[in-house]
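# Geometric and topological summary
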Amino acid sequence: MKFGSNKQQNKEANVGKVTVLSMGFELTGDIISKSDIRADGILVGSIRTDKKVVVGEKASITGDIIAEEISINGEVVGDLYINGDTTIYSNAKVSGNITTSSIHIHKGAQINSGVQVVDPKEVEEASKSSKINSVSREELYSMLDEKAEKKKEVPVKPIAKPQVRSYTDTSSSGIEDSNKDLPRTW
């Protein structure tokens with residue numbers, strides 16, 4: 001493949017994007033994304049995505065999670081609203097209500113939760129009670145798209161006109177002053 005070929009660019013455009021909260025990273029605030037989210041750090045805030053959330057073994061999330069799918073290997077304290085599969089692995093610690101359409105719990109997982117397995121439409125209805133779902137996805141995404149468009153429209157500063165200085169001889173003796181600020185020519 002040639003360097004910079006169109007084939008490579010087309011492949012990269014089709015690759016799924018992942019928002020990553022890496023290990024050692026701490027964040028206070030909500031995460032709202034159109035892509036998959038992988039958390040290996042500490043988050044005090046809620047997550048909302050139309051895709052998958054992966055909670056790593058060293059991760060700690062305190063807040064509600066609304067997603068299509070979730071895999072938990074770390075700690076989550078908050079309510080979960082998952083339209084698809086919820087997988088809780090043996091190292092996981094989960095506290096809060098879980099509303100999902102499918103759940104898999106591995107032996108050894110620590111769960112202090114109420115679990116409801118319901119139809120995906122009922123998950124959507126239940127998620128409306130979460131504070132992170134106070135604005136509809138469509139409204140939120142349109143606001144985010146507007147902000148992105150504004151960032152792209154960078155105003156161009158006009159080029160300043162060069163300043164022209166005129167020098168006049170003000171000495172009365174007719175001898176040039178050696179301290180004058182004269183333009184240099186090299």
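In this text the structure is predicted, and so the values were computed from the model without any measurement.

We now examine the overall build of the chain. When helices and strands are counted, the chain shows three helices and 16 strands. Contacts in the chain between residues at least 24 apart in sequence constitute 14% of all its contacts with a sequence separation of at least 6.

Take the environment of Arg-38 next. Relative to the helices and strands, Arg-38 is located in strand S4 (residues 36–39). Counting along the chain gives 15 residues from Arg-38 to Val-53, while the straight-line C-alpha distance between them is 5.8 Å. Looking at Arg-38, its side chain comes within polar contact range of the side chain of Asp-40, at 2.9 Å.

It is worth spelling out the sheet that holds strand S13 (residues 93–95) at this point. Pairing in this open sheet of six strands is parallel, and the strands run S2-S5-S8-S11-S13-S15 from one edge to the other. Where the open sheet ends on each side, the last strands, each with one partner, are strand S2 (26–28) and strand S15 (110–112). Along the sheet, successive strands turn relative to each other by an average axial angle of 5°, direction set aside. Where strand S5 (residues 42–44) meets strand S8 (residues 60–62), three bridges bridge the pair, whose relative direction is parallel. Within S8, the position partnered with Ile-42 by the bridge is Ser-60.

In this structure, Ile-65, Ile-72 and Leu-80 are the most contacted members of the largest nonpolar core, which totals 21 residues. Residue assignment for this core shows that the elements contributing at least two residues are S4, strand S7 (52–55), strand S9 (65–67), strand S10 (69–72) and strand S12 (80–88). For this core, the element with the most residues is S12, which contributes three residues. In this view, Leu-80 contacts Ile-65, Ile-70, Ile-72, Val-94, Asn-97, Ile-98 and Thr-99; residues no more than four positions away in its chain are not counted.

Relative to S7, S4 runs parallel, the two being bridged by three bridges. Opposite Ile-37, over in S7, you have Val-53 as the bridge partner. Sheet topology places S7 next to S10; four bridges connect them, and they run parallel. Bridge pairing in S10 links Val-53 to Ile-70.

A complete count under the given rule lists three salt bridges for this structure. With a closest N to O distance of 2.9 Å, Asp-40 and Arg-38 form a salt bridge. Judged by its relative accessible area of 17%, Asp-40 is buried. Close ionic contact of Lys-128 with Glu-125 constitutes a salt bridge, the shortest N to O distance being 3.0 Å. When its relative accessible area of 51% is taken as the criterion, Lys-128 is described as exposed.

Rules used in this analysis
- Residues numbered from 1 in each chain as written.
- Predicted model: local features only at pLDDT ≥ 70, side-chain atom pairs only at ≥ 80, totals over all residues.
- Heavy atoms only, no water.
- Helix = DSSP H or I, 4+ residues; strand = E, 2+ residues; numbered from the N terminus.
- Contact = heavy atoms within 4.5 Å.
- Polar contact = N/O pair within 3.5 Å; in protein donor to acceptor, adjacent residues only side chain to side chain.
- Pairing = 2+ DSSP bridges.
- Axes fitted to C-alpha atoms, helices over the stretch in contact; angles between N-to-C directions.
- Core = buried A, V, L, I, M, F, W, Y, C linked by side-chain atoms within 4.5 Å.
- Buried < 20%, exposed > 50% of the residue type's maximum accessible area, 1.4 Å probe, protein only.
- Salt bridge = Lys/Arg side-chain N within 4 Å of Asp/Glu carboxyl O.

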